[in-house]
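Here is how the chains run, residue by residue.
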Amino acid sequence: MTAGAVRNATARGWMPDFCSLPILGSVVVTVELIVLIVLIAPGQGGWPTLRDLFASSFLAQWIAMISAALLCKLGPWLGRRRFWIGGMIATLVPALVAMACSAIAGSLDQSLALGWIPVAEASTFLLSNAVLAAVVGLILMRYIFVLQQWQRGVEAQAAARIETLQARIRPHFLFNSLNAIASLIRIDAEKAETAVEDLAMVFRATLREERADHTLADELELIDRYLAIESLRLGDRLRVTRTIEPVLRDCRIPALSVQPLIENAIHHGVQALPEGGLIAISAYRDGSDLCVSVRNPKPAHPLPRLGGNHIALGNIRERLRMRYGDCAALEVDAGGDYHAVTLRVPLQEGAGR
Amino acid sequence: MRILVVDDEPLARTRLRALVGELAMPGVDVVGEAVDGVDAILAHESAPVDVILLDIAMPRMDGLEAARHLSALESPPAVIFCTAFDEHALAAFEAHAVDYLVKPVSRERLRIAIERARKFTADQVRRIGDDVKPQSRSHICARIRGSLRLVPVGEIAYFLAEDKYVVVHHDNGEVLIEESLKALEDEFSERFVRIHRNCLVAIDRITALERNGEGGTMALVRGARQALEVSRRCLPTVRELVKHL
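Residues numbered from 1 in each chain as written. Chains lettered and ligands numbered in written order. Predicted model: local features only at pLDDT ≥ 70, side-chain atom pairs only at ≥ 80, totals over all residues.

1. So, the overall build of chain B
Inclusion rule: In this text, helices come from DSSP runs of H or I with a minimum length of four residues, and strands from runs of E with a minimum of two, each type numbered from the N-terminal end. Our exposure labels follow a C-beta count within 10 Å of each residue's own C-beta, placed from the backbone: buried means 20 or more other C-beta atoms, exposed means 12 or fewer, and partly exposed covers the counts in between. Any two residues are considered in contact once their C-beta atoms, placed from the backbone, lie within 7 Å.
Within chain B one finds 8 helices and 15 strands. Taking all 245 residues of chain B together, the buried fraction comes to 43%. Within chain B, counting contacts between residues at least 6 apart in sequence, those at least 24 apart form 56% of the total.

Below, the structure written as structure tokens:
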């Protein structure tokens, strides 16, 4: 089944799209296989003749195609019904079509006096075909439905994975940094080398699968590397002050819980101001909490820019909630010309986890 | 061919300048640099260039808006966008853009872009402006006695329609522009409100509504020398907005 068939299906709710070629193909093949099974099954009086095969296939495919055409047209309507009501109607369609077709076949047989269908079995013929069609229809729909669910699951998972990867790699940051380094290689190769090392460290940290805790000192080191790269690009537009209570350096803090805040401060603040600005990072103790605060100026009338890193805050909040429950918080204080975010986590000292 | 390099990052400017130099194309020279959209327009105004290598994400005025203002000029330069990663923005001007480059720009790719710019006529360049329509401009572009003025939208108190022109009253004076009040109203609907058939006022500058002697209503507007008349038709909308300030 192609992705197109699946995407089409989403408009029809749970109902498979019988208008799509791949699904029609699988209907034809399945119906043909069922015809073979029925003809070969014991109790039919030996091997079927070629005539039996052609006649049965002809009838069965007619039933299948008419049913598929009806289900194709009814699809959007059925998809909006409740699952079991829609399912019942959808199963009834092939059954009724089978009865009608069998009746026509029976009368044709009689009027042409072919004698392929014994007169005595006419009503059994009608009924058994209807039941067969309903059962086959049910199995097919179930099969396609499960296949679709699986396919949708795979697609959703892939989309989610790409989104996470994008959030981690941050193409804007990556390509701008590479551009700065490319420029630096001609001017100051040694500085360029350091920048590559910094970039590698930042990406190693962001791409690490499990995000355990580390110490505040570790996080600050990562931030310094990140700021080193950004100050290459922004020059003296980027100014930073750090006010860290030394005793707090060994406190534990979730990895990459502050660095994204700095990134936002640059993206929405310093970078958006022609004259740049000052990012103030401070870490202090408040009762039994460790607080890390990032404050930056921002333009009074921000440009309506595309992109940005809005996911960062939500992502950090989610991680805090999973790690600390209600004991941690991310507080945002936005004034007219500044933006301040404070990360608050329970104070945990030492190397233990 | 005179080239202007526009980027807010010094290293990015240095690199483009160096690359153009290395291309050693006869007659092709970088004659200036600018740090944002406003700077670029003013630089082109004082010393016109043929080609602008224009970054998109910049403070004050971004590259897309700058391109729009530039394409409206009498002798518009050919604009080549340079961007780190702006897939949405790229789609916006693909149709008529001279070219766009992704950073880090390669030397060969830059050569192709400059060759392409050579073949562009002013008419083709002007059409790019039709494609590049950012949400709403950050600056209004006007001419005073032949020289170009860029007025930040944040400094505008009100627009007043007079005959064929619209007068832009801003913190540092007033300028005439040839745009319709209706178009301005549509573009800046989030920041300006119509208070009269001929007047559009910055919402956050309305300080109070007052009755005048003749039963009409006047709006007091910060930065305006006199109170502005509110028409009966616009009064309910204006009153509602003022209530929420």
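2. Comments concerning the overall build of chain A
Per the secondary structure count, chain A includes 10 helices and 7 strands. A burial count over chain A gives 29% of its 353 residues as buried.

3. So, the sheet that holds strand S15 (residues 228-230) of chain B
Residue and element names in this part refer to chain B. Quick reminder of the rule: When DSSP finds two or more bridges between a pair of strands, those strands are recorded as paired. Lines are fitted to the C-alpha atoms to define the axes, a helix being fitted only along its stretch in contact, and any angle between axes, read from their N-to-C directions, falls within 0 to 180 degrees.
Ordered in space as S13-S14-S15, the 3 strands form an open sheet in which the pairing is antiparallel. Across the chains shown, the open sheet's two edge strands, defined by having one partner strand only, are strand S13 (206-211) and S15. Averaged over all adjacent pairs, the angle separating strand axes in this sheet is 35°, with direction ignored. Relative to strand S14 (residues 217-221), S13 runs antiparallel, the two sharing 5 bridges. Directly across from Glu210, in S14, lies its bridge partner Met218. Relative to the sheet, helix H8 (residues 235-243) contacts S13, S14 and S15, its axis offset from that of S13 by approximately 130°.

4. Some remarks on helix H4 (residues 83-111) of chain A
The α-helix winds at 3.6 residues per turn, so residues separated by three or four positions along the chain end up facing the same way. All names here are of chain A. Spelled out, the test is: Multiplying one less than the number of residues by 1.5 Å gives the expected span of a helix.
If you check H4, its first and last C-alpha atoms are 43 Å apart, about what 29 residues at 1.5 Å a residue would give, namely 42 Å. Listed in full, the buried residues belonging to H4 are Gly86, Ala90, Val93, Pro94, Ala95, Val97, Ala98, Cys101, Ser102 and Ala105. One or two positions beyond H4, positive phi appears at Ala113, with a value near 55°.

5. Digging into the interface of chain A and chain B
How large an interface is tends to be reported as the accessible area lost when its parts come together. Each side of the interface is counted separately: chain A has 26 residues, and chain B has 24 residues. Counting only elements with at least two residues in the side of chain A that touches chain B, the list comes to helix H6 (171-187) and helix H8 (216-234) of chain A.

6. Here's the deal with the nonpolar core
The test is simple: The term nonpolar core refers to a group of buried residues, namely Ala, Val, Leu, Ile, Met, Phe, Trp, Tyr and Cys, whose C-beta atoms join them within 7 Å.
Residues A:Ile262, B:Ile52, B:Leu53, B:Leu54, B:Ile80 and B:Val201 are the most contacted members of the largest nonpolar core, which totals 104 residues. At 8 residues, H8(A) tops the list of elements feeding residues into this core. With near-sequence residues (within four places) excluded, B:Leu54 lies in contact with B:Val6, B:Ala40, B:Gly63, B:Ala66, B:Ala67, B:Val79, B:Ile80, B:Phe81 and B:Cys82. Counting residues in hydrophobic clusters, the runner-up holds 24 residues, among them A:Val35, A:Ala60, A:Leu78 and A:Val136.

7. Structural notes on the confidence of the model for chain B
Do not read the predicted coordinates in detail wherever pLDDT is low. Put simply, the rule is: pLDDT expresses, on a scale from 0 to 100, how confident the predictor is about each individual residue.
Taken residue by residue, chain B gives an average pLDDT of 87. The fraction at 70 or more is 89%. ipTM for the predicted complex: 0.77, alongside a pTM of 0.70.

8. Looking at the pairing of strand S4 (residues 78-83) of chain B
Residues and elements named next belong to chain B. The condition that has to hold: Looking down the strands as they point away from the viewer, one classifies a crossover as right-handed if the path from the first strand across the helix to the second runs clockwise.
Within S4, 6 of the 6 residues are buried, leaving the element largely enclosed by the surrounding structure. Both faces of S4 are covered, namely the face carrying Ala78, Ile80 and Cys82 and the face carrying Val79, Phe81 and Thr83. Alignment of strand S3 (residues 51-55) against S4, held across 5 bridges, turns out to be parallel. Note that in S4 the partner of Leu53 across the bridge is Ile80. The parallel pair S3 and S4, bridged by helix H3 (residues 63-71), forms a crossover whose chirality is right-handed. Judged from the 4 bridges that link them, S4 and strand S5 (residues 99-102) form a sheet pairing that is parallel. Counted as the bridge partner of Cys82 is Leu101 from S5.

9. Thoughts on the sheet that holds strand S11 (residues 192-196) of chain B
Residue and element names in this part refer to chain B. The strand order across the open sheet formed by 5 strands is S10-S9-S8-S12-S11, and the pairing between neighbours is antiparallel. The two strands at the open ends of the sheet, each matched to only one other strand, are strand S10 (173-177) and S11. Pairwise comparison of adjacent strand axes, ignoring direction, gives a mean angle of 20° for this sheet. Bridge analysis of strand S9 (residues 165-170) against S10 gives 5 bridges, and the strand direction is antiparallel. What sits directly across from Val168, in S10, is Val175.

10. Some details on the packing of helix H1 (residues 10-23) of chain B against helix H5 (residues 107-119) of chain B
Residue and element names in this part refer to chain B. Rules: Angles are sorted into four bins: roughly parallel if under 35 degrees, roughly antiparallel if over 145, roughly perpendicular if 65 to 115, and oblique for all others. Note that Gly is not counted as nonpolar here; it falls among the polar residues with everything else outside the nonpolar set of Ala, Val, Leu, Ile, Met, Phe, Trp, Tyr, Cys and Pro and the charged set of Asp, Glu, Lys and Arg.
Contact pair H1 / H5: the axes reach a minimum separation of 10 Å and the direction vectors enclose 75°. By the angle class used here, H1 and H5 are roughly perpendicular. Along its contact with H1, which presents Leu19, Glu22 and Leu23, the element H5 presents Arg107, Leu110 and Arg111. Classifying every residue of the contact of H1 with H5 by side-chain character gives 3 nonpolar, no polar and 3 charged.

11. Comments concerning the confidence of the model for chain A
Mean pLDDT for chain A: 83, with 88% of residues reaching 70 or above. Contacts from residues 1-10 of chain A, a stretch scored under 50 in pLDDT, to residues over four places away or in other chains number 18 contacts.

12. Focus on the packing of H6(A) against H1(B)
Definition in use: Should the near helix be turned counterclockwise from the far one by less than a right angle, the crossing is left-handed, whereas a clockwise turn marks it as right-handed.
Relative orientation of the contacting elements H6(A) and H1(B) amounts to 65°, with a least axis distance of 8 Å. Viewed along their axes, H6(A) and H1(B) form a crossing whose handedness is left-handed. For the pair H6(A) and H1(B), the contacting residues are A:Asn179, A:Ala180, A:Ala182, A:Ser183, A:Leu184, A:Arg186 and A:Ile187 in the first and B:Leu11, B:Ala12, B:Thr14, B:Arg15 and B:Ala18 in the second. Looking at the contact of H6(A) with H1(B) residue by residue, the class counts come to 7 nonpolar, 3 polar and 2 charged.

13. Notes on the environment of A:Thr243
Residue placement: A:Thr243 occurs in strand S2 (residues 238-244). Between the alpha carbons of A:Thr243 and A:Ser293 there is a distance of 9.7 Å; along the sequence they are 50 residues apart.

14. Regarding unusual backbone geometry
Of note, the amide linkage connecting B:Lys103 to B:Pro104 takes the cis form, showing an omega dihedral of -5°. Within the fold, B:Pro104 resides in the loop between S5 and H5. If you check the backbone angles, A:Leu256 has positive phi at about 60° while not being a glycine. Within the secondary structure, A:Leu256 is located in the loop between strand S3 (252-254) and helix H9 (259-269). In this structure, B:Ala24 takes a positive phi of about 50° despite not being glycine. Here B:Ala24 shows up in the loop between H1 and strand S2 (29-34). Given 8 C-beta atoms within a 10 Å radius, B:Ala24 is considered exposed.

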